[in-house]
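# Observations on chain architecture
Each chain, letter by letter, is given below.
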Amino acid sequence: MPWSKEKLKTRLRVAGFVVLLLGFTAFFVVTDNDDGPSLWQRWTGNSSVRAGESAGTPLRQIGTIDVPGPKGKRFDYLTIDASRHLLFSTHLGAGLLYAVDLRTNKVIKTFEDLPGIEGVELAPDINKAYTSNWLENKIGVIDLLQMKLIKKLPTESKPDGIAYAEPFHKIYVSDERARAEAVVDVRKDEVITTLHFESETGNPRYDPVAKRVYVNLQDKNVIAEIDPATDKELAEYPVGKCRGNHGVALDAEHRLAFLSCEENDLMTVFRLDTHEPIAYFPQAKGGDVIAFDAGLKRIYVACYDGAVSVFQEDDPTHFRKLGDVPVQKKVHSLAVDPSNHRVYAPEQEENGAPAARIAIFEAVPSS
């Protein structure tokens, strides 16, 4: 039976309301993003997010480790000794290095007399660690069996990031303001040569597949390739839209480098085999240290403005951003434990008040 005019009008009004509702919902879905409170939160006024906790967060804070140094002083790099279950964390502003037992989350050793310590790197085959001490322009040598500082090596200006090329028994230390890379023979504990560039040097990394050392030349927006067999620079490769490439992490197996670009807040994916950038993603402001979890295929960037930017490598040609996880302000360094995928980030303040601790995060699986 044909509908009456009144019944037809009622049906059309209902259909129009459904279309309007669907369009309103689609507006929220399409325009929402992971870079802050959602549109729904802003519309309802419910935009509170605690540090390390948010809906669908890729990281969840599960604890903290108190350290004995003064509160409110700047921290810097961390590294993990998986064989000893130790975390080494540098406290730049205090001139201290902490060794933390990851089984108990307790500081078991505090190394002193390391003025302005920035970087720390392990040479596990010879049971040593090396530090870059900015305020005295020296490289510290630590015996890991004795857990003792045993020597200091003079270097040029503002030693910062460090990389170890184990097959060559060489430590590479970026003398950032000297625009140089100091090379240490770990068998002699001597600086055997220093390479100079036309740029401040950012973080170096050793690539065990190609047996090369890569150094960020952050003023030129290029990566320098060094042959550790000869300690000669082989080439320099532009990093595209990335500006101020300071932090770097490697997925050596898949021939990838991940760059944290300080000047324009980008995370850049760079191919090591073709020497070209293949992807760019926005990261939170103040990005510094970047780390790669090879097990979960995740990239983490510690950002000074109060976030850890998290990205996923779905395969060697596909990547996506998982979000910016809120953390305390001035967090600019982190390390990943490959055994359990926990992320450690030192904090010098808590909600604006001075602090001295290391936050512990667990990875939350993503869809």
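As shown above, the structure is provided for reference.
Now for a look at the structure at hand. As the structure is a prediction and not an experimental result, all values here were calculated from the model.

Let us look at the overall build of the protein. Assigned secondary structure in the protein consists of 2 helices and 28 strands. Taking all 367 residues of the protein together, 51% fall into the buried category. In the protein, the proportion of contacts linking residues at least 24 apart, taken out of those at least 6 apart, comes to 42%. A total of about 16600 Å² of accessible surface is found on the protein, and carbon and sulfur atoms cover 53% of it.

As a further point, take the pairing of strand β21 (residues 276-282). By the bridge criterion, 6 bridges tie strand β20 (residues 266-271) to β21 in an arrangement that is antiparallel. Looking at β21, one finds that Arg271 is bridged to Glu276. Count of turn residues in the β20/β21 antiparallel hairpin: 4 residues, of which His275 carries a positive phi of about 60 degrees.

Applying the stated criterion to the full structure yields 4 aromatic pairs. Ring geometry for Phe168 against Tyr206: centres 6.4 Å apart, planes inclined by 75 degrees, an arrangement best described as edge-to-face. Taken together, the positions of Phe168 in the loop between β10 (159-165) and β11 (170-175) and Tyr206 in strand β14 (residues 201-207) put the pair 38 residues apart, joining distant regions of the chain. With relative accessibility at 14%, the residue Tyr206 sits in the buried group. With centroids separated by 6.4 Å and ring planes inclined at 75 degrees, the aromatic side chains of Phe258 and Phe319 adopt a geometry described as edge-to-face. With a gap of 61 residues between them, Phe258 in strand β19 (residues 256-261) and Phe319 in strand β25 (residues 318-326) connect regions that are remote in the sequence.

Next up on the list: unusual backbone geometry. With phi around 55 degrees, Asp189 is a residue other than glycine that occupies positive phi space. With phi around 55 degrees, Asp231 is a residue other than glycine that occupies positive phi space. The topology assignment puts Asp231 in the loop between β16 (222-227) and β17 (232-238). Since its relative accessible area comes to 11%, Asp231 is described here as buried.

This brings us to the pattern of salt bridges. Two side chains with opposite charge may pair up if their charged atoms get near one another. Enumeration over the complete set of coordinates arrives at 23 salt bridges. A salt bridge links Arg271 to Asp273; the nearest nitrogen and oxygen atoms lie 2.8 Å apart. By relative accessible area, Arg271 is classed as buried at 15%. Among the ionic pairs, Glu347 bridges to Arg357, the shortest N-O distance being 2.5 Å. Of this pair, Glu347 sits in strand β27 (residues 343-350) while Arg357 sits in strand β28 (residues 353-363), and the two are 10 residues apart along the sequence. Among the ionic contacts, a cluster of salt bridges with common partners joins Glu118, Lys158, Asp160 and Glu176.

This brings us to the sheet that holds strand β12 (residues 180-185). Ordered by their spatial adjacency, 4 strands build an open sheet running β10-β11-β12-β13, and the pairing between neighbours is antiparallel. Here the strands that pair on one side only, and so sit at the sheet edges, are β10 and β13 (190-196). Between one strand axis and the next, the sheet turns through 25 degrees on average, direction left out of account.

What counts and how
Residues numbered from 1 in each chain as written. Predicted model: local features only at pLDDT ≥ 70, side-chain atom pairs only at ≥ 80, totals over all residues. Heavy atoms only, no water. Helix = DSSP H or I, 4+ residues; strand = E, 2+ residues; numbered from the N terminus. Buried < 20%, exposed > 50% of the residue type's maximum accessible area, 1.4 Å probe, protein only. Contact = heavy atoms within 4.5 Å. Areas by Shrake-Rupley, 256 points an atom, 1.4 Å probe, with all protein chains shown as cover. Pairing = 2+ DSSP bridges. Phe/Tyr/Trp six-rings, centres within 6.5 Å; stacked < 30°, edge-to-face > 60°. Salt bridge = Lys/Arg side-chain N within 4 Å of Asp/Glu carboxyl O. Axes fitted to C-alpha atoms, helices over the stretch in contact; angles between N-to-C directions.

The quantities given are spatial measurements derived from coordinates; they are silent on function.
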